[in-house]
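# Fold and contact review
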Amino acid sequence: MLFKSLKKIIFLSRILLDRKYFYKFCKSQNHNKENIFLKKLSKKIKNKSFIEIGFHYLEFNSVGLIEKGFSGLLVDGGRKLNILIMKIILFMINKKVNVKNFFVTKTNVKYLLKKRKYGCISLDIDGNDYWITKKILENGNFPDIFIVEYNASFLNFPITVPYKENFDRFEMHKSGLYHGASLMAFIKLFKKYNYKLIKTVGGVNAFFINSNFFNKNNLKELSFKQGYKEGFLRNKWSNSNAKHQYNQIKNLPFDKV
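Quick look at the structure, then.

### Digging into the environment of Lys134
Inspection of the secondary structure puts Lys134 in helix H7 (residues 129-138). The spacing of Lys134 and Lys80 is 54 residues in sequence and 27 Å in space, taken between C-alpha atoms.

### Considering helix H13 (residues 242-249)
Within H13, the full set of buried residues consists of Ala242, Gln245, Tyr246 and Ile249. Looking straight down H13, one finds its buried side chains confined to an arc of 100°; they lie on one side. In this structure, the buried residues of H13 make contact with strand S6 (159-160) and helix H12 (232-238).

### Quick word on the pairing of strand S2 (residues 71-76)
Burial runs high along S2: 5 of the 6 residues are buried. Looking at chain direction, strand S1 (residues 49-53) and S2 are connected through 5 bridges and run parallel. Across the sheet, residue Ser49 finds its bridge partner in S2, namely Ser71. Pairing geometry for S2 and strand S3 (residues 97-101), over 5 bridges, is parallel.

### Comments concerning the pattern of salt bridges
Scanning all chains against the criterion turns up 6 salt bridges. For the salt bridge of Arg169 with Asp126, the shortest nitrogen-to-oxygen distance reads 3.3 Å. Taken together, the residues span a long stretch of sequence, with Arg169 in helix H8 (residues 169-172) and Asp126 in the loop between strand S4 (120-123) and H7 at a distance of 43 residues. Salt bridges here are not isolated pairs; linked through shared partners, they connect Lys134, Lys135 and Glu138.

### Describing the nonpolar core
Among the nonpolar cores identified, the biggest contains 45 residues, and Ile51, Leu112, Phe146, Leu183 and Phe208 are the most heavily contacted of them. Looking at which element gives the most residues to this core, the answer is helix H9 (residues 183-192), with 6 residues. Once you skip the residues sitting within four places of it in the chain, Leu112 turns out to touch Ile51, Ile53, Leu73, Val75, Lys100, Phe102 and Val104. Counting 38 residues, the second largest nonpolar core, distinct from the first, contains Phe11, Leu90, Met92 and Ile147.

### Re the packing of helix H1 (residues 2-17) against helix H5 (residues 80-93)
For the pair H1 and H5, the least separation of the axes is 9 Å and the interaxial angle reads 20°. It follows from the interaxial angle that H1 and H5 lie roughly parallel. The handedness of the crossing between H1 and H5 is right-handed. Contacts between H1 and H5 involve Lys8, Phe11, Leu12, Ile15 and Leu16 from the former and Leu81, Ile85, Ile88, Ile89, Met92 and Ile93 from the latter. The residue makeup of the contact of H1 with H5, split by class, is 10 nonpolar, no polar and 1 charged.

Criteria and cut-off values
- Residues numbered from 1 in each chain as written.
- Predicted model: local features only at pLDDT ≥ 70, side-chain atom pairs only at ≥ 80, totals over all residues.
- Heavy atoms only, no water.
- Helix = DSSP H or I, 4+ residues; strand = E, 2+ residues; numbered from the N terminus.
- Buried < 20%, exposed > 50% of the residue type's maximum accessible area, 1.4 Å probe, protein only.
- Arc of directions from axis to C-beta.
- Contact = heavy atoms within 4.5 Å.
- Pairing = 2+ DSSP bridges.
- Salt bridge = Lys/Arg side-chain N within 4 Å of Asp/Glu carboxyl O.
- Core = buried A, V, L, I, M, F, W, Y, C linked by side-chain atoms within 4.5 Å.
- Axes fitted to C-alpha atoms, helices over the stretch in contact; angles between N-to-C directions.
- Parallel < 35°, antiparallel > 145°, perpendicular 65-115°, else oblique.
- Left-handed = near helix turned anticlockwise from the far one by under 90°.
- Nonpolar A, V, L, I, M, F, W, Y, C, P; charged D, E, K, R; others polar.

The structure is reproduced here in structure tokens:
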């Protein structure tokens, strides 16, 4: 415990001495590929703002947007120390980004976003991801870029876990494999709102682009077959493939969408 606390203090001290240290150290998942790709797209986003729901101060997708001067909001429903450290970091690097400790549900997400329009939305909550994304879109929030985490263990089925307000993936199944929604489920949802899949990373994160932004920037749409990848890290830590993972949880309840 003391060692972990000391590491945090050293980390914050280095940022105090050199603001750029934060951007060197903080990454997105999958060797920072999400962050690198998002930074490239950010040059073309007119609305220089973002919201990221589900983050850790050492790992989130929008770190490059903060570096580029985007305003925004970072939201997490737990880990109060995570919230505090992120607030301290943002104060030290002098960026106009708010941090909120807020557990997102279908009911309260509209109050979180209010009527503000964002250039980018990123969502990763390991649970009700599909239902929160659906509610955001139903409420008329249509960012240029929408990043979601899909569950590769659900294979090519258009399925999601049923909505449960206090969803905990390890309480639902000891493997932690049962959460979120499949890539196919997200493709079907986003298609209704004129979004196109343009990239997936690591068998985890999927980038969907608003059609208006897509048409202006000469991007390539991916089909499910082109975009789907198994979860690289998940396969590694579970020592299994997606088909084997699905077989462990296939008898649990699913909603077909």
